[in-house]
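Reading the structure
So the chains spell out like this:
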Amino acid sequence: MEMTQCALLNQISEYQFVCVELNLYLDTHPADEAARADYLCYGKMLQQLIEQYEREYGPLKNFGHSPTETGCYVCSEWPWE
């Protein structure tokens, strides 16, 4: 199923929220292996969503702070070219 840009951004925001909350939980419960597994799983899915977004719509962050190679304009054409 093809997602719109807005739907993809919403899903990225949701996964970012889950990752932050799990990270905070793991700060106080470091031995919780189920939470750690969830954190790693959601982090991986978040990375995939960001890569998909950047392939289709361009970088989410500027100045080379995007986590994917697509989001880095160092090795590609400038947006106005």
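Going by the structure above, here's the rest.
When helices and strands are counted, the chain shows two helices and zero strands. At a minimum sequence separation of 6, the contacts of the chain that also span at least 24 residues come to 46%. Per element, the accessible surface of the chain, about 6100 Å² overall, is 57% carbon and sulfur.

Take the nonpolar core next. Grouped together as the largest cluster of nonpolar side chains are nine residues: Met3, Leu8, Ile12, Tyr15, Cys19, Leu46, Leu49, Ile50 and Tyr53. Within the residue set of this core, elements represented by two or more residues are α1 (5-28) and α2 (33-57).

Look at α2: 36 Å from first C-alpha to last across 25 residues, which is about the 36 Å you get at 1.5 Å a residue. Along α2, the positions that sit buried rather than exposed are Ala35, Leu46, Leu49, Ile50, Tyr53 and Glu54. Buried residues belonging to α2 abut α1. N-capping of α2 is provided by Asp32, with a side-chain oxygen placed 3.2 Å from the backbone N of Ala34.

Contact pair α1 / α2: the axes reach a minimum separation of 9 Å and the direction vectors enclose 155°. Taken as axis vectors, α1 and α2 run roughly antiparallel relative to one another. Where α1 crosses over α2, the two elements pack in a sense that is left-handed. Partitioning the contact of α1 with α2 into residue classes produces 18 nonpolar, six polar and three charged.

Mapped onto the fold, Asp38 is located in helix α2. For Asp38 and Cys19, which are 19 residues apart along the polypeptide, the C-alpha to C-alpha distance reads 8.7 Å.

What counts and how
Residues numbered from 1 in each chain as written. Predicted model: local features only at pLDDT ≥ 70, side-chain atom pairs only at ≥ 80, totals over all residues. Heavy atoms only, no water. Helix = DSSP H or I, 4+ residues; strand = E, 2+ residues; numbered from the N terminus. Contact = heavy atoms within 4.5 Å. Areas by Shrake-Rupley, 256 points an atom, 1.4 Å probe, with all protein chains shown as cover. Core = buried A, V, L, I, M, F, W, Y, C linked by side-chain atoms within 4.5 Å. Buried < 20%, exposed > 50% of the residue type's maximum accessible area, 1.4 Å probe, protein only. Expected span 1.5 Å × (residues − 1). Polar contact = N/O pair within 3.5 Å; in protein donor to acceptor, adjacent residues only side chain to side chain. Axes fitted to C-alpha atoms, helices over the stretch in contact; angles between N-to-C directions. Parallel < 35°, antiparallel > 145°, perpendicular 65-115°, else oblique. Left-handed = near helix turned anticlockwise from the far one by under 90°. Nonpolar A, V, L, I, M, F, W, Y, C, P; charged D, E, K, R; others polar.

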